[in-house]
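In case you want the letters, here they are:
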Amino acid sequence: MISRLFLFFVFTSFSLLAETTVLNFNNGSNDDYENAAKLSGDVRKIQKETDGLLPRLKEGNLYDVGDNEVKITETDKYIIYKTNNIPDHELYTNNPNCAIEQSYTFKIPKEPKFLENPRTITKSYQEIGIALNGVVIAGPFDSENKIAPYNRQIAQCGGHSDMQGMYHYHFAPMCGEENFLISDTQIGWAFDGIKIMGLADRKKHEPEIDDCNGHEHDGDYHYHATPDYPFFMGCFKAKPYTSNFNQKRKTNASCPAEMSSSKGGPDGPSGDGPGKGKKPNFDNASKVLGVSENDMKKALGPPPGDFEKASKKLGISLDDLKEALEVK
Ligand SMILES: [Zn+2]
Ligand SMILES: [Zn+2]
C-alpha cells in the first residue's frame, strides 16, 4: 500500500501548522479509500492495512451561522459543558449540510471509572467526546457503518455537519487558535472523563498507544488524536456518562442562503476516479453529497435526468451536483 511515512500538509494558509506537522491528505487512490472504508474489527489490522493513508479531504464553502457559545461549570463529580455546538473557528461545508445551533449539555466525569473491559466504539456511537471549544468529537464510523474519514470527505477544519446540523470532528481540529496537531496539547474530553490530547504519530509517540488509542505517561492516562484509525478513540477505557449520548435532537438543518463560492481545493482522492463519461456516478455522489442514491434518482427523474430540477429539489448547486455525479 502507501509507504510514505509521515504527513505533508497541503494548505499553505495553515503556515502555523506547517512547522510541526505536514499532512498529505488525499494520498490514496479511490480503490485505497474504498477498501479502507470497509475495514472493521481488529484495530491493529486496520492500522496495518491503512498504513500511511490519510483521510479524504475536500475544501468546502465558507458559511456563517453565528457565534460559539459554551458555558463551563463544575460540580464535585462533573465538568459540565453547555454548548451550542457552533465552532469558534471558520466553518466550511463540502456536503449539503451546515451546522445549526444546538443546545447540548455534556457532563464529563472528573474521576474516570476505569472498566475491566473497555467498551468498543461501534457505529452506534456517533458522539464520543467534546473538543475544548464545546464541539462534538465523533467516533470513526459513519451511518453506513464505514470508516468515515475514508468513506466521506472531511472539510478543511477536520469536520463536517450531519443532516441534523450537528457539526462534528472526524480528525484533530485544524482551525482555530490552538494548535491541536501537537501531541502534548489537550484537544478535548472523552465522555468517560479521560483527556483527548493532540495529534500523535503512533510510530513515534511512546509508550505504545493501545487499542482505545490511549496510553499512560507522566502519571496520566489519556487518549490521542491520530492521523490514522480510529482518529480519536477505538474504545472507552472508562465508563462514559450515558446522558451525553442522548443530547442530539431530530431537526432538519438547512444551509444559510448566502454562501461563498467553492474554493476549488483538492478534489477528493487523487488518481482519476471512475465515471468521467456521461453516466452518473451515483455511488460517488451519494458519498460526497450525503444524499441516498434513491433520493437522487427520484429527483433526477428518468434518464438522462433533469439536473436543473434535481439541483433545486435537493438544494444542491447544479455545479456541485454534476461534479459529484461526475457528468461534467
Ligand atoms: Zn461525520
Ligand atoms: Zn501521550
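Residues numbered from 1 in each chain as written. Chains lettered and ligands numbered in written order. Predicted model: local features only at pLDDT ≥ 70, side-chain atom pairs only at ≥ 80, totals over all residues.

Looking at this model, I keep getting lost on the overall build of the protein. Mind explaining?
When helices and strands are tallied, the protein shows eight helices and 15 strands. Across the 328 residues of the protein, 42% fall into the buried class. Long-range contacts, defined as pairs at least 24 residues apart, comprise 65% of the intrachain contacts of the protein with a sequence gap of at least 6. (Helix = DSSP H or I, 4+ residues; strand = E, 2+ residues; numbered from the N terminus. Buried ≥ 20, exposed ≤ 12 C-beta atoms within 10 Å, placed from the backbone. Contact = placed C-beta atoms within 7 Å.)

Is there a simple way to think about the packing of helix α5 (residues 282–289) against helix α6 (residues 293–300) in this case?
One way to put it is that α5 packs onto α6 with a least axis distance of 9 Å and a crossing angle of 105°. In terms of orientation, α5 lies roughly perpendicular with respect to α6. Across from Phe282, Ala285 and Ser286 in α5, the residues of α6 making contact are Glu293, Met296 and Lys297. In the contact of α5 with α6, the residues fall into three nonpolar, one polar and two charged. (Axes fitted to C-alpha atoms, helices over the stretch in contact; angles between N-to-C directions. Parallel < 35°, antiparallel > 145°, perpendicular 65-115°, else oblique. Nonpolar A, V, L, I, M, F, W, Y, C, P; charged D, E, K, R; others polar.)

Is there a simple way to think about α5 in this case?
The α-helix winds at 3.6 residues per turn, so residues separated by three or four positions along the chain end up facing the same way. Looking at α5, one finds that the buried residues are Ala285, Lys287, Val288 and Leu289. Buried positions along α5 lie against α4 (148–151), α6 and α8 (318–325). Trailing α5 by a residue or two, Gly290 shows a phi angle of about 70°, which is positive.

Please clarify how the sheet that holds strand β3 (residues 78–83) should be interpreted in this entry.
Hydrogen bonds between backbone groups are what pair the strands of a sheet, and the pairing can be parallel or antiparallel. On the basis of which strands lie adjacent, the open sheet formed by three strands has the order β2-β3-β5 and antiparallel pairing. Of all strands in the sheet, those with a lone pairing partner are β2 (70–74) and β5 (104–109), marking the two edges. Between one strand axis and the next, the sheet turns by 20° as a mean value, whatever way the strands run. Alignment of β3 against β5, held across six bridges, turns out to be antiparallel. Considered in β5, the bridge of Lys82 is made with Thr105. (Pairing = 2+ DSSP bridges.)

It is not clear to me how α8 should be interpreted in this structure. Could you clarify?
Turning to α8, its buried residues number three or more, namely Leu321, Ala324 and Leu325. Buried residues of α8, viewed axially, fall in a sector of 95°; they line one side. Of the surrounding secondary structure, the elements contacted by the buried residues of α8 are α5 and α7 (307–314). Just beyond α8, the residue with positive phi is Glu326, at close to 55°. (Arc of directions from axis to C-beta.)

Quick question: what am I supposed to make of the sheet that holds strand β11 (residues 186–190) here?
Ordered by their spatial adjacency, eight strands build an open sheet running β9-β10-β8-β7-β11-β12-β14-β13, and the pairing between neighbours is mixed. Looking at strand neighbours, the two that pair on one side only are β9 (159–161) and β13 (214–217), the edges of this open sheet. Neighbouring strand axes in the sheet, compared pairwise and without regard to direction, differ in orientation by 40° on average.

Would you mind showing me how to read the environment of His205 here?
As for its placement among the helices and strands, His205 is situated in the loop between β12 (195–197) and β13. Take His205: there are 17 C-beta atoms within 10 Å of it, and that puts it in the partly exposed class. Counting along the chain gives ten residues from His205 to His215, while the straight-line C-alpha distance between them is 9.7 Å.

What is the right way to look at the nonpolar core in this model?
Across soluble globular proteins, nonpolar side chains have a tendency to be buried as a group. Counting residues in each nonpolar core, the largest one holds 64 residues, and the members touching the most others are Ile137, Ala190, Ile196 and Met233. Those residues in contact with Met233 that lie beyond four places of it in its chain are Ile121, Ile128, Ala190, Cys212, Asn213 and Tyr223. Counting residues in hydrophobic clusters, the runner-up holds eleven residues, among them Ala285, Val288, Ile316 and Ala324. (Core = buried A, V, L, I, M, F, W, Y, C linked by C-beta atoms within 7 Å.)

In this structure, what is going on with unusual backbone geometry? I would like to understand it.
One can expect most non-glycine residues to show negative phi and most peptide bonds to be in trans. A cis amide bond links Glu206 with the next residue in sequence, Pro207, at an omega value of -5°. Here Pro207 lies in the loop between β12 and β13. Although it is not a glycine, Asn85 adopts a positive phi angle of roughly 60°. Tracing the backbone shows Asn85 in the loop between β3 and β4 (91–93). Owing to 28 C-beta atoms within 10 Å, Asn85 belongs among the buried residues under this scheme. The backbone phi angle of Phe231 is positive, close to 70°, even though this residue is not glycine. Structurally, Phe231 is set in the loop between β14 (220–224) and β15 (235–238).

Just checking my understanding: could you explain the pairing of β11 for this structure?
In summary, the side chains of a regular strand alternate between the two faces of the sheet. Extensive coverage of β11 is indicated by the burial of four of its five residues. Taken together, the three bridges between strand β7 (residues 127–131) and β11 define a ladder with antiparallel strand orientation. Paired with Gly129 across the bridge in β11 is Ala190. Note that β11 and β12 share three bridges and pair antiparallel. Bridge pairing in β12 links Gly188 to Ile196. Where β11 hands over to β12, the hairpin turn is made up of four residues, of which Gly193 adopts a positive phi near 90°.

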